[in-house]
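# Overview (structure and organization)
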Amino acid sequence: MNDNQLIEQLKKIVEPYVQNQEAFQEINTSTSFIEDLQINSAHLVDVILDIEDEFNVRIENEEMEQMINVENSLKIIQSKI
Amino acid sequence: MLGTDLLYIDDAKRKSFKKRKNRLIEKVFSASELNLLNHRLTEKKFWLFWCLKETGYKYYQQQTGEKDKINPSAFQIDELNSTEAKVLLPNQELIKVYFKEEASLLFSWSGPKNLVHFSTEQVSERFPFKRISKTAFKQLLLKVKKNTANVPYFEFLNEKIFISITHENHWKIISFKQDYLSDLGLGIEFDKYR
């Protein structure tokens, strides 16, 4: 699966939690979940669990720490699928 | 250093809490916290712990300048009673975090004794917020900056004055030390004091 396909899947996952639709429309590898998409911190763990479910992978807590933006998330997902 | 968090439980609640409870526990809690909870975790209690951890996280970010991370289990609730908790930070500092709760709302804060919290809207009579007009609040917000670690601050005479903002519902609450009001010389007029 290439980065574009992964981003499309990631977009579906984060969409319900996004508060900044403008940033969401322009999502790219450098997009930050907190700063750009303004996802509430209370929902960040939901995003991680949704990723686990969608890609059928397990994200360790040390990996979760780094998943604050699209780029880091893609790297971690790619390493597991 | 200071940190705050405001959480609307109804907004945070999820249909899948029961289904995901064990996985949420793994991601958010340490073993010692599970003992503190006596292994009985309601969704309300989950969000109280989250709120306390988030307050500790903001405090720690101000202290260390560390960039954003998703590491709730690194902020451990060490003691808890009906109004306050002790939170162990990743650098082993133990801080006191105060909180107030209602059926659908949680607010927690940590910092100096003269910390004040401002809100533009009525949140709750029981919560320790001072009302501030939206115009004055906007004047404040215009001066808000964020450093590379995403920590908000005012800049005044080239000095950084750290503040804490809760992002819940469009930055409704902003907190900083009472002393800074006169330093900032903003002439803020409050709608009403509490």
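Report follows, based on the coordinates. (Residues numbered from 1 in each chain as written. Chains lettered and ligands numbered in written order. Predicted model: local features only at pLDDT ≥ 70, side-chain atom pairs only at ≥ 80, totals over all residues. Heavy atoms only, no water.)

## Re the overall build of chain A
Scanning chain A for helices and strands turns up 5 helices and 0 strands. Starting at the N terminus, the α and β elements of chain A follow one another as α-α-α-α-α. Within chain A, the proportion of its 81 residues that are buried is 52%. Restricting to contacts in chain A with at least 6 residues of sequence separation, those with at least 24 account for 49%. For chain A, the exposed area adds up to about 4000 Å²; of that, 39% sits on carbon and sulfur atoms. (Helix = DSSP H or I, 4+ residues; strand = E, 2+ residues; numbered from the N terminus. Buried < 20%, exposed > 50% of the residue type's maximum accessible area, 1.4 Å probe, protein only. Contact = heavy atoms within 4.5 Å. Areas by Shrake-Rupley, 256 points an atom, 1.4 Å probe, with all protein chains shown as cover.)

## Examining helix H2 (residues 17–28) of chain B
Between its first and last C-alpha, H2(B) extends only 13 Å over 12 residues, short of the 16 Å set by a 1.5 Å rise per residue. Within the span of H2(B), buried status applies to B:Phe17, B:Arg20, B:Leu24, B:Ile25, B:Lys27 and B:Val28. Each buried residue of H2(B) sits inside an arc of 165 degrees when the element is viewed along its axis, so together they form one side. In H2(B), the exposed residues that point more than 90 degrees away from the buried face are B:Lys19 and B:Asn22. Structurally, H2(B) contributes buried residues whose contacts are with helix H3 (41–55) and helix H4 (61–64) of chain A together with helix H3 (31–36) and helix H4 (43–64) of chain B. (Expected span 1.5 Å × (residues − 1). Arc of directions from axis to C-beta.)

## Describing the pattern of salt bridges
Here the structure, examined in full by the defined rule, presents 16 salt bridges over all chains. Residue A:Lys80 pairs with A:Glu63 through a salt bridge whose shortest N-O separation is 3.2 Å. Taken together, the positions of A:Lys80 in the segment after helix H5 (70–78) and A:Glu63 in helix H4 put the pair 17 residues apart, joining distant regions of the chain. Among the residues examined, A:Glu63 registers a relative accessible area of 21% and is labelled partly exposed. Overlapping salt bridges bring together A:Asp46, A:Asp50, A:Glu52, A:Asp53, B:Arg20, B:Arg23 and B:Lys27 as one network. (Salt bridge = Lys/Arg side-chain N within 4 Å of Asp/Glu carboxyl O.)

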